[in-house]
Amino acid sequence: MRERIKSIMLIILVLSSLYLTNCLVFGQPNLEMADSPQYEQLTFGELKPLEEQVLPFLRLQREEAIWELAPWLPHYNQAWQRARQLLQPGLPPQKSDPPAFLTGLKVQIDFPTAVDPDLWSGSSLFREHFVQAIVWFASHEDVVWFLDENDQWWRAGGLILPDGWLSRLEVAFSTAQVFRFARPEGNDFLKIPAEGVLVPKEVPVMSRYTLAPEPLDYDKLLHSMFVNMATVRRIEERNGIHIYTDGQRGLQLFPHGELEYTIPENELGTRPLAITELLKNTAEYLHLLGGWPDQLYLKNIKSKRHVFENGRYFYTHEVALQSVQKGFPLVGIDAVLITCSEKGIVSYNRQVYQLEAPEGEAMPLISPEEAMAAAGDWWRLQAGNNLLLSLYPVYYVDNANQVQPVAQPAWLFRFENRQAVVDGYTGKFIKWLE
């Protein structure tokens, strides 16, 4: 009898085990009892729309009085909303001579890179044209001129602007920076345009600052870059650099806050990318790899074609973003530099600085005329025949890769094809910039 009871109990246990196993493998919980799947948010900030990525400089000129609005200045959005109505002519463009012969009130739009105006206008009249600059004259209010990516000027008529457009645009420019044309005397070594060199009307008062790297969530960044952290190897160098690699991609974190992410296999791009593709990719990369803070602005986009074996070509593109602090760009270092192809990122370098603490009291910079006079004969040897177009106040990042970098007030000399930085207090030459 006891043996029969044991057998029955054993059969019950086996059957119940089979039933529970079946429920575990094939059963589904009731929907009201199931928890919603949870995913870790591995993105940084909001995805920036295309039309907010390429923001031009806006200029309003009446004879020799010039007002300029950079994308980081107050009332810029209001002025840009008015100015982009110039992107909607009614007639197809035709080739033209440069419009410089016209005088009177003028509005000019300068883009950081040649761009498709359809991003804002929705017009098909600019089809197959990428625009660097747009010029409009009050004396020819139904016409716009634009400069394309091949440095060819075009003229498009049929422009219809709403009543009161110009007066509202002038109101938006009321807080703009005021510039003038400087004509230095006795400086035969500098080649300048006939109208003079564009410089600020008022000399700015600036302080020297220490810099601090932006705060980043490196653990979140790592999980965004590497899908499976179990395959990632971590290496710590003696100089404090941390390297992470899964054998196909690598990340370097430097003690001074810089990061460099590389995927070498993406370098052999098979085709050039359109500007809209590059902008979309840039926004997505920044969305995943640290974010696009308000202080970052597109600086330029460069495309490169490299000869490969058997006469084949491969294509890469370089997108540079600059940081702006207290209304002045930080130069001498790119805040973000992305090299990519249609396959994805080739390299991603990020070093975003923030002004931390002033060193000493704020002082006015030397005047633009003094800065040009301090250049001396050295400019004759180095600048060649390049026209000096403008002088802008900037912060030059010194000791960028050191423990304590600083932002030094400087004048940025903008030539036709080059740029140079001089000390804002002394005029002493610092370096050429690419």
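Note that the coordinates shown come from a computational prediction; the quantities given were computed from them, not determined experimentally. (Residues numbered from 1 in each chain as written. Predicted model: local features only at pLDDT ≥ 70, side-chain atom pairs only at ≥ 80, totals over all residues. Heavy atoms only, no water.)

Some details on the pattern of salt bridges
Our working definition: Here, a salt bridge means any Lys or Arg side-chain nitrogen found within 4 Å of an Asp or Glu carboxyl oxygen. Helix and strand definitions here come from DSSP, where helices need a minimum of 4 consecutive H or I residues and strands a minimum of 2 consecutive E residues; each element is numbered from the N-terminal end. Throughout this description, buried means an accessible area under 20% of the type-specific maximum (1.4 Å probe, protein chains only), exposed means over 50%, and partly exposed covers the range between.
Inspection of the entire model under this criterion finds ten salt bridges. Between Glu 170 and Arg 62 there is a salt bridge whose closest N-O contact spans 2.3 Å. Of this pair, Glu 170 sits in helix H4 (residues 165–172) while Arg 62 sits in strand S1 (residues 57–62), and the two are 108 residues apart along the sequence. For Glu 170, a relative accessible area of 28% puts it in the partly exposed group. Across the salt bridge formed by Lys 304 and Glu 318, the nearest N and O atoms sit 3.7 Å from each other. Here Lys 304, found in strand S15 (residues 296–307), pairs with Glu 318, found in strand S16 (residues 313–325); they are 14 residues apart in sequence, far enough to count as distant. Accessibility expressed as a relative area gives 37% for Lys 304, which makes it partly exposed. The buried category is assigned to Glu 318, whose relative accessible area is 18%.

Here's the deal with the environment of Glu 170
What counts here: Any pair of residues with heavy atoms lying within 4.5 Å of one another is described as a contacting pair. Under this definition, polar contacts are N or O atom pairs within 3.5 Å; protein pairs additionally need one hydrogen-donor-capable and one acceptor-capable atom, and for neighbouring residues in sequence, both atoms have to be side-chain atoms.
Spatially, the C-alpha atom of Glu 170 lies 7.9 Å from that of Leu 60, the residues being 110 residues apart in sequence. Setting aside anything within four residues of it in sequence, one finds Glu 170 in contact with Leu 60, Arg 62 and Leu 105. One polar contact links Glu 170 to Arg 62, side chain to side chain, over a distance of 2.3 Å.

Quick word on the packing of helix H2 (residues 76–83) against H4
Quick reminder of the rule: Axis angles are defined between N-to-C directions and span 0 to 180 degrees, where every axis is a line fitted to C-alpha atoms and, for a helix, only to the segment in contact. What sets the label is the angle itself: under 35 degrees gives roughly parallel, over 145 gives roughly antiparallel, 65 to 115 gives roughly perpendicular, and the rest give oblique. Definitions for this section: a left-handed crossing has its near helix turned counterclockwise from the far helix by less than a right angle. A right-handed crossing has that turn clockwise. Three classes are used: nonpolar for Ala, Val, Leu, Ile, Met, Phe, Trp, Tyr, Cys and Pro, charged for Asp, Glu, Lys and Arg, and polar for all others, with Gly counted as polar.
Put simply, H2 and H4 touch, their axes get as near as 8 Å, and they point 155° apart. Classified by the interaxial angle, the pair formed by H2 and H4 is roughly antiparallel. Between H2 and H4 lies a crossing of left-handed hand. Facing Gln 78, Ala 79, Arg 82 and Ala 83 of H2, the residues of H4 in contact are Trp 165, Arg 168, Leu 169 and Ala 172. Of the residues in the contact of H2 with H4, the class split is five nonpolar, one polar and two charged.

Remarks on the confidence of the model for the chain
Let me state the cut-off plainly: Confidence per residue, as judged by the predictor, is encoded in pLDDT with a range of 0 to 100.
Across the chain, pLDDT averages 85, with 85% of residues at or above 70. Counting interchain partners and residues more than four positions distant, the pLDDT-below-50 stretch residues 28–39 has one contact.

Considerations on the side chain of Ser 390
Along the chain, Ser 390 turns up in strand S21 (residues 388–398). In this view, Ser 390 contacts Val 197, Leu 198, Leu 412, Phe 413 and Arg 414; residues no more than four positions away in its chain are not counted.

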